[in-house]
Amino acid sequence: MIESLKNQIKSKLEQYLKKEMNLDIDIVVEEPKNASLGDISVPMFSLVKVLRKPMPEITSFAIDVIKGFNLPITEIKAMGAYVNIFIDKKKLSLNVLKEAYTNNENYGNSEIGKGKNVTLDYSSPNIAKSFSIGHLRSTMIGNSLKLILKKCGFNTYSINYLGDWGTQFGKMIVAYKKWGDLETIKNDPINELTRLYVKFHKEAEAQPELEDEAREAFRQMELKNPEYLDLWKWIREESLKESKQIYDLLEIDFDSYNGEAFYNDKMDSVITELENKNLLKEDNGAMIVDLGDDMPPALIKRSDGGSLYITRDLAAVFYRKKEYKFDKILYVVGNEQKLHFEQLKRLVDKMGYDFSNEITHVNFGLYLTNGKKASTRSGNVVKLYDVLTKAINLAYNQINEKNPNLKDKDLVAKYVGIAAIVFADLKNFRGLDIEFNIDDAVKFEGQTGPYLQYSSCRITSILKGNEIDINNIDLDLFLKPHYFELVKLVSQFKSMIERAAIETSPSIIAKYLLQLAASFNKFYSLEKINNEDIKVKNTNLALVYSVRVVINEGLRLLGIHYVDEM
Ligand code: ARG
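In what follows, the accompanying structure is described.

Rules used in this analysis
- Residues numbered from 1 in each chain as written.
- Predicted model: local features only at pLDDT ≥ 70, side-chain atom pairs only at ≥ 80, totals over all residues.
- Heavy atoms only, no water.
- Helix = DSSP H or I, 4+ residues; strand = E, 2+ residues; numbered from the N terminus.
- Buried < 20%, exposed > 50% of the residue type's maximum accessible area, 1.4 Å probe, protein only.
- Contact = heavy atoms within 4.5 Å.
- Pairing = 2+ DSSP bridges.
- Near = heavy atom within 4 Å.
- Polar contact = N/O pair within 3.5 Å; in protein donor to acceptor, adjacent residues only side chain to side chain.
- Areas by Shrake-Rupley, 256 points an atom, 1.4 Å probe, with all protein chains shown as cover.
- Expected span 1.5 Å × (residues − 1).
- Arc of directions from axis to C-beta.
- Axes fitted to C-alpha atoms, helices over the stretch in contact; angles between N-to-C directions.
- Parallel < 35°, antiparallel > 145°, perpendicular 65-115°, else oblique.
- Left-handed = near helix turned anticlockwise from the far one by under 90°.
- Nonpolar A, V, L, I, M, F, W, Y, C, P; charged D, E, K, R; others polar.

Moving on to the side chain of K89. Position of K89 among the secondary structure elements: in helix α4 (residues 89-103). Taking the relative accessible area as the measure of exposure, K89 reaches 17% and is therefore buried. If sequence neighbours within four positions are ignored, K89 has contacts with D39, F478, L479 and F484.

Here we take up the pairing of strand β7 (residues 286-289). As defined by bridge partners, strand β6 (residues 280-283) adjoins β7 across 4 bridges and the pair is classed as antiparallel. Along β7, the bridge assignment pairs L280 with V289. The antiparallel hairpin formed by β6 and β7 contains 2 residues in its connecting segment, where N284 sits at a positive phi of about 55 degrees. Sheet topology note: the β7/strand β8 (residues 298-301) ladder contains 3 bridges and is antiparallel. By the bridge assignment, M287 is partnered in β8 with K301.

This part covers the pairing of strand β1 (residues 40-43). Side chains I40 and V42 project from β1 onto one buried face, and the interleaved S41 and P43 project onto a second face that is buried too. As defined by bridge partners, β1 adjoins strand β3 (residues 82-87) across 4 bridges and the pair is classed as antiparallel. By the bridge assignment for β3, P43 is matched with Y82.

With that settled, the discussion passes to the site of the ligand. Taken together, D121, S124, N126, H135, Y161, Y309, D313, Y331, V333, Q337 and F341 make up all the residues around the ligand. D121 has a polar side-chain atom sitting 2.8 Å from a nitrogen atom of the ligand. Measuring from an oxygen atom of the ligand, one finds a side-chain N or O atom of H135 at 3.1 Å. Coverage of the ligand by the protein amounts to 88% of the 350 Å² it exposes when considered alone. Broken down by secondary-structure element, the contributors of at least two residues to the shell around the ligand are α12 (309-324) and β9 (328-334).

With that settled, the discussion passes to α4. Between its first and last C-alpha atoms α4 spans 21 Å; for 15 residues at 1.5 Å apiece the expected length is 21 Å, and the two agree. For α4, every residue scored as buried is listed here: K89, L92, S93, V96, L97 and A100. Down the axis of α4, the buried side of the element spans an arc of 130 degrees, and every buried residue falls inside it. Against the buried residues of α4 lie α1 (2-21), β3, α18 (481-491) and α21 (534-558). Of the residues trailing α4, N104 is marked for its positive phi of about 45 degrees.

This next bit is on the packing of α4 against α21. Here α4 crosses α21 at 60 degrees, and the two axes come no closer than 9 Å. Judged on the interaxial angle alone, α21 and α4 are oblique. Between α4 and α21 lies a crossing of left-handed hand. Mapping the contact onto sequence places L97, A100 and Y101 in α4 and T539, A542, L543, Y545, S546 and V549 in α21. Considered class by class, the residues forming the contact of α4 with α21 number 7 nonpolar, 2 polar and no charged.

Attention now goes to the sheet that holds strand β4 (residues 117-121). Pairing in this open sheet of 4 strands is parallel, and the strands run β5-β4-β9-β10 from one edge to the other. Pairing within the sheet leaves two strands with one partner each, and these edge strands are β5 (155-159) and β10 (359-364). If you compare each strand with its neighbour and ignore which way they point, the axes differ by 20 degrees on average. Docked against the sheet, α12 engages β4, β5, β9 and β10, running at close to 145 degrees with respect to β9.

Here's what the structure looks like:
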């Protein structure tokens, strides 16, 4: 509401200056910190600079122009170098509440992505390793971005680019042949394979020749050694089963599971193209592409002929451009792969294509446990499934204590536990490392997912058994700061969603929801919602109803369920 009014003032004023005076000026529109000065404030410095007239003349000129726009404004006045505007709070508030009330889960829908395609590459665990909490970030950020982009009208295509090819399978095969036992593996595939992988690295410290053996085994795989390929296929299926357990729990799905191996037969043509464009050169038996002074070269083919991660990604990006006609492709991958994606973009440039600016590395920080990175190699691995189960159990205990007679306790505990984990992640700006504390995340108070669910429940119980007559409300109430503050926040939902989409940052929505919930809880402590005065009561109910619309839909955009009772 204020957002859209601000935009209107900005664009109308800019258009006016362009049309009437042939001036190209960027008009800034702000919100004064102190609401008693006005709701919107337009600094006049840029106009003074260009028009070279005294400030009072400029401000009164601007006031006349803005008055001519016929906007819902009650007062407009000059204060020094600013034009301060008081908006018609009653009219605007009524519009916001009606909009939320009639649109419900469609409130906040945007059309900024209409007709545009976005391909998202996320989750992408490496098979034969257990699905670690490190992959949670990619999964949750990617899933939330998909939901946010859809809400903004984009067509999305989500890809789980499984790490199902590469030298690690050579290691796995060597380890299996040396120390593995088929029966043991079949009983507990991922754990046993992880054990073998860890053992390989340990042994290779003392016997570096194991690395050569692994390279040879991988080469055999690339040459389609049937025994190795069978083993690989089986490992891939078992791993996917484990990952799917987690996706099912989190209710996440993908449009495609085409992983790295899918591109095995699609690399040759890319390599030929690099050759034809004279970009490929030999370097100690390997094939590389120079990418300039500011970046190490890209290793395209190893000296033993083995294929590489970057080569597969290069083949994949061309395939996807053709197949999905993306306007943007988002790679939700950790900070440690920054260089990889810079190289990918540079390669696309060097080959003479013009779409490298559509490639975005949606980077994120590490997940730390006690200050240390979780890794599969050292065996210091945190299993996501275990973490989720633990959170669900903790949620169950809390619910059981607070509300022992609750129906569907198991389902509620599942939603609350997942909310705890997901929100603890998404509330942080994604670029940062996260130190994760499960006990804090599950709490019903503080900056947590369960706190938001709890706020929504509170509103549900207030609304229970009440009819809201949106046409019989007391508009004067919106002149009170704590009312208007809440309306204003509700009105910002759409612009928050759009910002989250543009900045590829779910944390914008998460933080905004915390602010909204805090503002609601303050309102709740100040007002008797079920007031004796029917008009006041209707106003209160319509207002908290709109807050619930935003919390519930906002949670959905993060990949979290709301609950009606907990
Ligand atoms: N499997 C990789 C990893 O876990 C992530 C893949 C990311 N996507 C991509 N197109 N490179 O490190």
